[in-house]
Amino acid sequence: MTQAVDPVVAADPTAPVLSARRRGGGLLAVVPPVLVGVAGLVAWELVVKVGRVAPYVLPAPSAIGEEFWATREVVWRTGLASGENALIGLLVGAVVGLLAAMVAARFRFLGEVSIPVAAAAGALPIIALAPILNNMFESTSNVPRRLVVAIVVFFPVFVNALRGLREVDPIHRDLMASYAARGWTVTRLVRLPAALPFVFTGLRQASSLAVIAAVVAEYFGGLQNGLGSRITSAAANTAYPRAWAFVVGACVLGLVFYLAALLLERLVMPWRRV
């Protein structure tokens with residue numbers, strides 16, 4: 001009596017084992033952070049309740065959760081406004097950073113000059129940049145906030161992309177030279193595909209920075225339709241649990257941006273999956 005054999009198993013007998021290991025490894029990677037987070041929230045609650053910490057010093061997680069649920073519609077609406085500014089600034093900064101990296105990788109002189117300039121742009125403090133840009137545009141414009149995000153995003157994308165574009169396998173470079181391929185043809189066919197892991201490393205870093213920049217830029221005037229303006233307003237009115245509720249909304253928005261960047265990386269480079 002013969003037994004049917006799965007062709008996938010026959011081709012690779014270790015496939016089921018590896019699949020089970022991947023599932024087990026993924027579960028083990030998720031459980032510890034969740035447990036640590038829950039333990040931290042419990043400890044936070046006990047410190048506030050038992051230690052009788054004043055709410056204006058540190059509200060309890062339960063109070064923050066209640067306020068978050070009570071103002072969930074406002075958090076959602078303001079989160080969309082901040083998320084729109086962060087997304088547009090992220091796209092602009094990432095595209096400009098990638099294009100600048102491609103030019104700097106193509107011309108060595110520009111690459112040497114652009115690194116200090118990019119470092120200076122990355123060192124610009126948001127609290128100094130946002131008020132200046134707000135004064136340059138109308139109070140009802142979102143352009144200053146998006147410019148702040150784009151400037152903050154530019155540095156990590158540019159630096160990582162430039163590093164990836166420069167690290168080309170000499171064999172690939174010699175092969176393209178044998179085909180008489182030069183300039184932008186080599187960049188498009190060899191340098192840019194090889195630099196994708198570096199580009200997405202910079203994009204993952206920039207995704208979280210975009211949300212931080214968008215929220216902080218809202219502290220300094222302009223439209224009062226984002227998470228940052230609601231945080232400052234609630235804190236000014238001593239509604240500290242409400243202010244923390246909007247902070248939680250900003251944290252969730254940052255996680256959404258990071259996960260979106262991670263998902264995009266998996267879609268563009270599926271071969272990197274573990």
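Residues numbered from 1 in each chain as written. Predicted model: local features only at pLDDT ≥ 70, side-chain atom pairs only at ≥ 80, totals over all residues. Heavy atoms only, no water.

**Here's the deal with the overall build of the chain**
Looking only at helices and strands, the chain features 11 helices and zero strands. Helices and strands in the chain line up, N terminus first, as α-α-α-α-α-α-α-α-α-α-α. Expressed as a percentage of contacts within the chain between residues at least 6 apart in sequence, the contacts between residues at least 24 apart total 74%. As displayed, the chain offers around 16500 Å² of accessible surface, 69% of which is attributable to carbon and sulfur atoms. (Helix = DSSP H or I, 4+ residues; strand = E, 2+ residues; numbered from the N terminus. Contact = heavy atoms within 4.5 Å. Areas by Shrake-Rupley, 256 points an atom, 1.4 Å probe, with all protein chains shown as cover.)

**Thoughts on the packing of helix α3 (residues 61-70) against helix α11 (residues 240-268)**
Remark: α3 packs on α11, axes separated minimally by 8 Å, with the N-to-C direction vectors making an angle of 75°. When the interaxial angle is binned, α3 and α11 end up roughly perpendicular. Residue-level contacts link A63, I64, E67 and F68 of α3 to P241, R242, W244, A245, V248 and G249 of α11. Considering only residue class, the contact of α3 with α11 consists of seven nonpolar, one polar and two charged. (Axes fitted to C-alpha atoms, helices over the stretch in contact; angles between N-to-C directions. Parallel < 35°, antiparallel > 145°, perpendicular 65-115°, else oblique. Nonpolar A, V, L, I, M, F, W, Y, C, P; charged D, E, K, R; others polar.)

**Overview of the packing of aromatic side chains**
Under the definition given, this model contains three aromatic pairs. Both rings, one in W44 and one in W244, keep their centres 5.6 Å apart while their planes meet at 70°; by these two values the pair is edge-to-face. Of this pair, W44 sits in helix α2 (residues 15-51) while W244 is found in helix α11, placing the two residues 200 residues apart along the sequence. Looking at W244, the relative accessible area reads 32%, which means it is partly exposed. (Phe/Tyr/Trp six-rings, centres within 6.5 Å; stacked < 30°, edge-to-face > 60°. Buried < 20%, exposed > 50% of the residue type's maximum accessible area, 1.4 Å probe, protein only.)

**Quick look at helix α7 (residues 143-166)**
Over its 24 residues, α7 extends 33 Å from the first C-alpha to the last, a length consistent with the 34 Å expected when each residue adds 1.5 Å. At F154, α7 shows its largest bend, some 30°, and a proline, P156, comes one to four positions later. (Expected span 1.5 Å × (residues − 1). Bend = angle between axes of the 7 residues up to and from the residue.)

**Quick look at the confidence of the model for the chain**
Averaged over every residue, the pLDDT of the chain is 80; the share at 70 or more is 80%. Across the chain, the secondary-structure element scoring lowest on mean pLDDT is helix α1 (residues 7-11), at 44, and the one scoring highest is α11, at 93. (pLDDT = per-residue confidence, 0-100.)

**Description of the nonpolar core**
In this structure, L90, V148 and V153 are the most contacted members of the largest nonpolar core, which totals 30 residues. Broken down by element, this core gets its largest block of residues, 10 residues, from helix α9 (residues 184-217). Listed in part, the 12 residues of the second largest apolar core include A101, A118, L162 and L165. (Core = buried A, V, L, I, M, F, W, Y, C linked by side-chain atoms within 4.5 Å.)

**Some thoughts on the packing of helix α4 (residues 72-106) against α11**
Put simply, α4 and α11 touch, their axes get as near as 10 Å, and they point 40° apart. Classified by the angle between their axes, α4 and α11 sit oblique to one another. The handedness of the crossing between α4 and α11 comes out as right-handed. For the pair α4 and α11, the contacting residues are V74, V75, T78, G79, S82, G83, A86, L87 and L90 in the first and A245, F246, G249, L253 and F257 in the second. Of the residues contributing to the contact of α4 with α11, the split by class is nine nonpolar, five polar and no charged. (Left-handed = near helix turned anticlockwise from the far one by under 90°.)

**Remarks on the pattern of salt bridges**
Applying the stated criterion across every chain yields a total of three salt bridges. Note that R146 and E84 form a salt bridge whose closest N and O atoms lie 3.4 Å from each other. Residue R146 is found in helix α7, and its partner E84 is found in helix α4; the two are separated by 62 residues along the sequence. Judged by its relative accessible area of 21%, R146 falls in the partly exposed class. For E84, a relative accessible area of 45% corresponds to the partly exposed category. (Salt bridge = Lys/Arg side-chain N within 4 Å of Asp/Glu carboxyl O.)

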